[in-house]
Amino acid sequence: MQHFSIAAIPGDGIGPEVMAEGLKTLKKIEELHGGIHFSIDTFDWNCEYYVKHGKMMPDNGLEILRDYDVILLGAIGAPTVPDHISVWELILPIRRAFQQYINLRPIKLLRGLESPLRYKAHKDLDFIVVRENTEGEYSNMGGRLHENTPFELAVQNNVFTRYGTERVINYAYSLAEKRTGRRLTAATKSNGINHSMPFWDEIVKEVSKQHPNIQTDIYHIDALAAYFITRPEELDVVVASNLFGDILTDLGAAIVGGLGLAPSGNINPEKNYPSMFEPIHGSAPDIAGKQIANPIAQIWSISLMMEHLGFSDIADLIVSSIEEVLIDRKVSTPDLGGKNSTREFGEAIHQQMTKKS
Ligand code: ATP
Ligand code: MG
């Protein structure tokens, strides 16, 4: 029997609703596999906790999380707490403390879904974005000067370390080596950002020399965003800085069916700290509490988690079960044109998992 400890943070808004389905996915995996046991602890660290305690998690929150194998997150954020607090005091400290320097976001059009790019087939939309997750444009360095004068200004520094850049590019290449596309596309903007981006490009070129069998392209972010729409079939592994990756992956989610479907992993490749898996979407206050959120992003995030733990067969089973339900078209949430609840959609996926194994 293999044991894995999981810290579940359902969070705010639709977070707890989609997390409830994710936890059922874990139960289903235990039931079907027989050799896996999850011990799950749930933490109520969210915006309500903040309103009560003046912080998003206890002072020793990171120490508590450190001993888990993985962290599973629903969504964080509520209208009562400014976003910069909920993100800066919970999600970013976790990503940084546990060296989750890779943000992995598959852009794959599932069977049974149609892309808004209607002329594109499923095989054309199957790539993965590797986003740098700890530095770059989201550096927290900078400041404001001369407030209330005509010379008022704000400065935000970009921080690209050689260490941080090399490790994300190395990871992207190692992923490209495992995939069949044999292609790596790096996002840049060295024509406009003239210090950090040429540095990034140089490191891409250096690392590319160790991977002569992988085709390397370096595209400016503006052109690359257009290629996501016009030539997605040419993409296999896309590697991007923190900000560029953030923008590209929301675009990526849009071309494969929307936010309710998009999973992500915050990966610590060395596995010396827990990695964290979460839907890309936020807490969606507009639809919270109505049982209409799509649970696929959360359930697919568990597939990424199983891949990370070394169970590719289970990871594939989860994705193909989601696809069966989508192809079947009998059960789906309103974002996909259906009338079913979050619970019913989750249940249909879990039934398929039983059927297919
Ligand atoms: P955040 O700032 O936390 O990213 P946000 O306001 O930018 O939040 P999201 O919460 O990610 O945005 O969601 C944007 C919109 O997409 C929501 O208002 C909701 O209508 C829709 N949406 C997001 N996630 C889902 C989901 N799982 N199922 C259905 N619709 C969703
Ligand atoms: Mg958002």
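The chain has the name D-malate dehydrogenase (decarboxylating) in an unreviewed UniProt entry, where Fictibacillus barbaricus is given as its organism. UniProt lists a comment for the chain under the heading Catalytic activity (unreviewed entry), and it reads "(R)-malate + NAD(+) = pyruvate + CO2 + NADH". The UniProt entry for the chain carries the following comment under Sequence similarities (unreviewed entry): "Belongs to the isocitrate and isopropylmalate dehydrogenases family."

### What to know about the nonpolar core
One broad trend across soluble globular proteins is that nonpolar side chains are buried collectively. Formed by 93 residues in total, the largest nonpolar core has its most connected members in I71, V130, V238, V239, I318 and I322. The biggest single contributor to this core is helix α9 (residues 296-308), with eight residues. Non-local contacts of V239, meaning those with residues more than four positions away in its chain, are made with V130, V168, I169, A172, L184 and A186.

### With respect to the site of ligand 1
In the vicinity of ligand 1, 16 residues are found, and the nearest of them are G260, H281, G282, A284 and N294. Of the residues in the shell around ligand 1, the class split is seven nonpolar, six polar and three charged.

### A look at unusual backbone geometry
At N148, a residue that is not glycine, the phi angle is positive and equals roughly 60°. Inspection of the secondary structure puts N148 in the loop between β6 (142-145) and β7 (153-156). When the 5 C-beta atoms within 10 Å are taken as the criterion, N148 is described as exposed. Positive phi, close to 40°, is recorded for A284, a residue that is not glycine. Mapped onto the secondary structure, A284 falls in the loop between β12 (275-279) and α9. Overall, the presence of 23 C-beta atoms within 10 Å leaves A284 in the buried class.

### A look at the UniProt feature "domain: Isopropylmalate dehydrogenase-like" (unreviewed entry) in the chain
Sites flagged by UniProt as "domain: Isopropylmalate dehydrogenase-like" (unreviewed entry) map to residues 5-349. In this annotation, residues 5-349 is assigned 40% helix and 20% strand; the end-to-end C-alpha distance for the span is 24 Å.

### A few points about the environment of I214
Considering the arrangement of structural elements, one finds I214 in the loop between α6 (196-208) and β9 (215-220). C-beta crowding within 10 Å serves as the criterion here: with 19 such atoms nearby, I214 is assigned to the partly exposed category. With 67 residues separating them along the chain, I214 and E147 place their C-alpha atoms 50 Å apart. Among residues more than four places away in sequence, those in contact with I214 are Y173, A176, E177, R182, R183 and L184.

### A few points about the sheet that holds β9
Strand order in the open sheet made by the 10 strands is β2-β1-β3-β12-β11-β4-β5-β10-β8-β9, with mixed pairing throughout. A strand with exactly one partner marks an edge of an open sheet, and here the two such strands are β2 (36-42) and β9. Pairwise comparison of adjacent strand axes, ignoring direction, gives a mean angle of 25° for this sheet. Bridge analysis of strand β1 (residues 2-11) against strand β3 (residues 70-75) gives five bridges, and the strand direction is parallel. Residue pairing across strands places I6 opposite V70, the latter belonging to β3. In the packing of helix α1 (residues 15-33) onto the sheet, the strands contacted are β1, β2, β3 and β12, and the crossing angle to β2 comes to about 155°. Helix α7 (residues 221-230) rests against β8 (183-188) and β9 of the sheet, and its axis sits at about 110° to β9.

Analysis parameters
Residues numbered from 1 in each chain as written. Chains lettered and ligands numbered in written order. Predicted model: local features only at pLDDT ≥ 70, side-chain atom pairs only at ≥ 80, totals over all residues. UniProt positions renumbered as here; feature names shortened; annotations may be inferred. Core = buried A, V, L, I, M, F, W, Y, C linked by C-beta atoms within 7 Å. Buried ≥ 20, exposed ≤ 12 C-beta atoms within 10 Å, placed from the backbone. Helix = DSSP H or I, 4+ residues; strand = E, 2+ residues; numbered from the N terminus. Contact = placed C-beta atoms within 7 Å. Near = placed C-beta within 6 Å. Nonpolar A, V, L, I, M, F, W, Y, C, P; charged D, E, K, R; others polar. Pairing = 2+ DSSP bridges. Axes fitted to C-alpha atoms, helices over the stretch in contact; angles between N-to-C directions.

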